Amino acid sequence: MPTASSAVREETVHAIAAPHAAHAKMAKGPGRVGMIVFGAALAVGISYAAIHLVSDLVHVHSTSYLPFILLGVALLVALGFEFVNGFHDTANAVATVIYTNTLDPHIAVVWSGFWNFLGVVLSTGGVAFGIISLLPVELILQVGSGAGFAMVFALLAAAIIWNLGTWYLGLPSSSSHTLIGSIIGVGIANQFVNSSVATSGVDWKQAMNIGRTLLVSPLIGFVSAALLLILLKKVIPNKRLYSAPEGTKPPPFWIRGLLLLTCTGVSFAHGSNDGQKGMGLIMLILIGTVPTAYALNHAVSARESMDFVAVSDQAAETLGRYTNGVLASTNPRADVQEYVRTRALEPATLPALQKLIGDVGKDMARFKELKNVPSSETRNFRNDLYLIGEDLRLLEKSQTPTIGAADREVLKNYRRHTDNATKFIPSWVKVAVAIALGLGTMIGWKRIVVTVGERIGKDHLTYAQGACAELTAMATIGAADIFGLPVSTTHVLSSGVAGTMAANHSGLQLSTVRNLLMAWVLTLPASILLAGTLFWLFSKIG
């Protein structure tokens, strides 16, 4: 007598073996013209990134080749993370247009890759630096040290290992979850490795905020896609929209346009959100290996630099109203860093912050422009700017002490200047990340596409289901990008497809749903353990 588990396995095998017109299309290789165009675009992108990287490094004078070797290895690993990210997340964007016959599979992949590229290039960097803010502050400030490199390599290696494993099993795992888990793992391991000294470990409040977003977004995807499908059925009672495609027949023109639009939106939103995660880590690598070129934003003009001097004086004067007459200690940077580390406002914090802002303003008046900062002072100058910006961000967030509205605007304006000086991403980094994402999609898209298109529901994906799932994913990811929050493209879209299957009474393949839930639940603890172990190992080796 067959058991329940064997019945589920038989059901899954039957669903996988079901004949789909999309299989024949996916089995075909891309056309020669398409390969030539893709190869040309790839060559142009790589050349652009390489020329700009070399141009930046020409001005770096080092007596050792070690920084350049470390830079090369670290960049390859970081771009490898984005390459593997392309296996998972970008493939999700094309699953619905392939299984509804809206686009040929290879055209869909290229189309999605193009809009991912635009999303990456036009991204603001907010998500990238939001992710970095989760890291232990002492490792960020000492990213060029052995511990700093151990942190970066542990984060990337753990994320790549987990993402490759779940991709091999055909599970749409979340790169966002993996990276957040890796950051938490490094933070915990950092406290363990350096238990004899004060370390910052994990910013649990910020981690909880991001974790809440990652947790809630799939639920939003499931419910929103289901409700959207139910609403669509009432507004447009066209049976063809809610039936499986017939052979290779494309959907009606307007629904095809909607599917193409949503695929485009999801791809663009994915590039502008998920693409930033790797960019933030690449910037840490660049700052750690060649700080002379990348620690400070050399694109800041002389006029903007002089504005910075003026707003520094304003900010220092403004903070003086809240120091209660307490004088700064002899080491203001240590007091400012302690507040970033502990989030505990001490009597010495605001005087120290005022003093540091004043000192940075005087230094800027002396340098005239950021590109004139001597290489021997670059790292410390950047660290001071970073600490000041983080202190102001935390003060604004905690609303302690209570600062008047006019004074808050002065401090916000000053913080915008510090962020402009330190939180920037060169265009060649964006191009390199976009290329890595695109290559990952071109090579590994089929496994995840088949899972999303066939193995979530018991019935074939209908036109309306594909449109509702994609529309929900596009809106959710786009909203998260506006607020600078990372979300999982994989989970939002997969849960959206599941929601439409439930609303359509198509039934869900329990074995696949169970595996997806297991991947969702296990990703955080697995990546925490992996990254923590690797950080400890790399720290010992270093």
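Residues numbered from 1 in each chain as written. Predicted model: local features only at pLDDT ≥ 70, side-chain atom pairs only at ≥ 80, totals over all residues. Heavy atoms only, no water.

1. Some remarks on the overall build of the protein
Just so we agree on the cut-off: Only DSSP runs of H or I covering at least 4 residues are called helices, and only runs of E covering at least 2 are called strands; the numbering of each starts at the N terminus. For this measure, only C-alpha atoms enter the radius of gyration; the expected value for a globule follows 2.2 Å times N^0.38, where N is the number of residues. Only protein chains enter the accessibility calculation, which uses a 1.4 Å probe; a residue whose area is less than 20% of its type maximum is buried, one above 50% is exposed, and one in between is partly exposed. The criterion used for residue contact is that any of the two residues' heavy atoms lie within 4.5 Å. Throughout, the Shrake-Rupley method with a 1.4 Å probe supplies accessible areas, and for residues the shown protein chains are the sole cover considered.
Helix and strand counts for the protein come out as 22 helices and 0 strands. On C-alpha atoms alone, the protein measures out to a radius of gyration of 25 Å, which is about the 24 Å that the 2.2 N^0.38 rule sets for 542 residues. Dimensions of the protein along its principal axes, counting C-alpha atoms only, are 80 × 50 × 45 Å. A total of 542 residues make up the protein; the buried ones form 53% of that total. In the protein, once contacts between residues fewer than 6 apart in sequence are set aside, the share between residues at least 24 apart is 86%. For the protein, the computed accessible surface area is about 23,000 Å², with 66% contributed by carbon and sulfur atoms.

2. Concerning the packing of helix 12 (residues 275-289) against helix 19 (residues 427-455)
Going by this rule: Every angle, taken between N-to-C directions, lies between 0 and 180 degrees, and every axis is a line fitted to C-alpha atoms, over only the stretch in contact when it is a helix. Any angle that falls under 35 degrees is termed roughly parallel, while one over 145 is termed roughly antiparallel, one within 65 to 115 roughly perpendicular, and all others oblique. Crossing handedness is read from the near helix: turned anticlockwise from the far helix by less than a right angle, it gives a left-handed crossing, and turned clockwise, a right-handed one. The classification used treats Ala, Val, Leu, Ile, Met, Phe, Trp, Tyr, Cys and Pro as nonpolar, Asp, Glu, Lys and Arg as charged, and all other residues, Gly among them, as polar.
Running from N to C, helix 12 and helix 19 cross one another at 130 degrees; their axes reach a closest spacing of 10 Å. Taken together, helix 12 and helix 19 sit at an angle that is classed as oblique. When the axes of helix 12 and helix 19 are compared, the crossing they make is right-handed. Residues Gly275, Met279, Ile282, Met283 and Leu286 of helix 12 form the contact with helix 19, whose own contacting residues are Trp428, Val429, Lys430, Val433 and Leu437. Residues of the contact of helix 12 with helix 19, tallied by class, amount to 8 nonpolar, 1 polar and 1 charged.

3. Comments concerning the nonpolar core
Heads up, the condition is: Throughout this description, the term nonpolar core refers to a set of buried Ala, Val, Leu, Ile, Met, Phe, Trp, Tyr and Cys residues connected via side-chain atoms within 4.5 Å.
Core analysis: the biggest nonpolar cluster contains 145 residues, and Met151, Leu284, Phe381, Tyr414 and Val429 have the highest contact counts within it. By residue number, the principal contributor to this core is helix 4 (residues 66-99), which donates 13 residues.

4. Quick look at the environment of Leu229
As for its position among the elements, Leu229 is in helix 10 (residues 204-235). Classification of Leu229 by relative accessible area gives buried; the value is 0%. Sequence separation between Leu229 and Gly499 is 270 residues; the distance between their C-alpha atoms is 8.9 Å. Beyond its immediate chain neighbours, meaning those up to four positions away, Leu229 contacts Tyr242, Ala464, Gln465, Cys468, Thr500, Ala503 and Asn504.

5. Description of the packing of aromatic side chains
Test applied: Whether two aromatic rings pair depends on their centres lying within 6.5 Å, for rings of Phe, Tyr and Trp, where Trp uses its six-membered ring; planes under 30 degrees apart make the pair stacked, over 60 edge-to-face, and the rest tilted. Two thresholds decide whether a charge sits over a ring: the Lys NZ or Arg CZ must be within 6 Å of the ring centre and within 35 degrees of the ring normal.
In the structure shown here, the tally under the stated rule is 5 aromatic pairs. Each ring, one from Phe367 and one from Phe381, has its centre 5.5 Å from the other, and the planes form 90 degrees; the classification is edge-to-face. Here the residue Phe367 occupies a position in helix 16 (residues 349-367), and Phe381 occupies one in helix 17 (residues 375-398), the gap between them amounting to 14 residues. The exposure class of Phe367 is buried, given its relative accessible area of 6%. Pairwise contacts between aromatic rings join Trp111, Phe114 and Trp115 into one cluster. Seen from the ring of Tyr242, Lys233 lies directly overhead, with NZ or CZ sitting 5.8 Å from the centre.

6. Observations regarding the side chain of Asp384
Applicable threshold: Residues adjacent in sequence count toward polar contacts only when both atoms are side-chain atoms; beyond that, a polar contact is any pair of N or O atoms within 3.5 Å, and within protein one must be able to donate a hydrogen and the other to accept it.
Note on placement: Asp384 falls in helix 17. Relative accessible area serves as the criterion here: at 8%, Asp384 is assigned to the buried category. Polar side-chain contacts of Asp384 include one of 2.6 Å to the side chain of Arg333. Look past the residues within four positions of Asp384 in its chain and what remains in contact with it is Arg333, Leu356 and Val360.

7. A short note on the confidence of the model for the protein
Short version of the rule: As a per-residue measure, pLDDT tells how confident the predictor is, with possible values from 0 to 100.
On average, residues of the protein score 83 in pLDDT, and 92% of them reach the 70 mark or higher. Low pLDDT, under 50, characterises residues 4-19; the predicted model gives this stretch 15 contacts beyond four residues in sequence or across chains.

8. Here's the deal with the environment of Leu350
You can see Leu350 is positioned in helix 16. The spacing of Leu350 and Ala316 is 34 residues in sequence and 9.8 Å in space, taken between C-alpha atoms. Discounting residues that sit within four places of it in the chain, Leu350 has contacts with Leu319, Tyr322, Thr323, Leu345, Leu395 and Pro401.

9. With respect to the pattern of salt bridges
To keep things clear, this is the line we draw: What counts as a salt bridge is simple: a side-chain nitrogen of Lys or Arg found within 4 Å of a carboxyl oxygen of Asp or Glu.
Per the stated rule, a full pass over the model turns up 14 salt bridges. The partner of Asp359 in a salt bridge is Lys355, with the nearest N and O atoms 2.9 Å apart. Of this pair, Asp359 and Lys355 are both found in helix 16, 4 residues apart, which corresponds to roughly one turn of the helix. Look at Lys355 and you get partly exposed, because its relative accessible area is 39%. Among the ionic pairs, Lys423 bridges to Asp419, the shortest N-O distance being 3.8 Å.

10. What about helix 15 (residues 332-342)?
What counts, and what does not: The arc under discussion is defined with respect to the helix axis, by the directions toward the C-beta atoms.
Those residues of helix 15 lying buried are Pro332, Val336, Tyr339 and Val340. The buried residues of helix 15 all sit within an arc of 100 degrees when viewed along its axis, so they share a single face. Buried residues along helix 15 sit against helix 7 (137-141), helix 16 and helix 17. Immediately downstream of helix 15, the backbone of Arg343 shows phi near 65 degrees, a positive value.

11. So, helix 21 (residues 489-503)
Worth spelling out the cut-off: Here the expected length of a helix is defined as 1.5 Å per residue gap, with one fewer gap than residues.
Taking 1.5 Å as the rise per residue, helix 21 with 15 residues should run 21 Å; its terminal C-alpha atoms sit 21 Å apart, in good agreement. Here helix 21 lies mainly inside the structure; 14 of its 15 residues are buried. Looking one or two residues past helix 21, His505 carries a phi angle of roughly 55 degrees, positive in sign.

12. Focus on the packing of helix 15 against helix 17
It is the contact of helix 15 with helix 17, at a shortest axis distance of 9 Å, that shows an interaxial angle of 45 degrees. As summarised for this structure, helix 15 and helix 17 are arranged oblique, according to the angle between their axes. Classified by chirality, the crossing of helix 17 by helix 15 is left-handed. Listed contacts from helix 17 to Arg333, Val336, Gln337, Tyr339 and Val340 of helix 15 are Asn380, Asp384, Leu387, Glu390, Asp391, Leu394, Leu395 and Ser398. Along the lines of polarity and charge, the residues of the contact of helix 15 with helix 17 split into 6 nonpolar, 3 polar and 4 charged.

13. Focus on a nonpolar patch on the surface
Here is the rule we go by: The patches reported here contain residues having more than 30% relative accessible area and no salt bridge. Joining distances are 9 Å for like charges and 5 Å for nonpolar side chains (Val, Leu, Ile, Met, Phe, Trp, Tyr).
Together, Tyr65, Leu66, Ile69 and Val73 give the surface a local cluster of nonpolar side chains, amounting to about 450 Å² of exposed area. Position of Val73 among the secondary structure elements: in helix 4. Take Val73: its relative accessible area is 40%, and that puts it in the partly exposed class.

14. Overview of the state of the cysteines
What we call a disulfide is simply a covalent bond connecting the sulfur atoms of a pair of cysteines. Spelled out, the test is: Only a pair of cysteine sulfur atoms within 2.5 Å qualifies as a disulfide here.
In total, this model carries 0 disulfides according to the counting rule given. No disulfide involves Cys263; its nearest neighbouring cysteine sulfur is the one of Cys468, lying 16 Å away. For Cys468, a relative accessible area of 3% gives the class buried.

15. Some points on unusual backbone geometry
At the junction of Thr400 and Pro401, the peptide bond is cis and its omega measures out at 0 degrees in the coordinates. Mapped onto the secondary structure, Pro401 falls in the loop between helix 17 and helix 18 (405-422). Phi at Arg343 takes a positive value of approximately 65 degrees, unusual for a residue other than glycine. Take Arg343: it is sitting in the loop between helix 15 and helix 16. The exposure class of Arg343 is partly exposed, given its relative accessible area of 32%. Non-glycine residue Lys368 carries a positive phi angle of around 75 degrees. Secondary-structure assignment places Lys368 in the loop between helix 16 and helix 17. Owing to a relative accessible area of 49%, Lys368 belongs among the partly exposed residues under this scheme.

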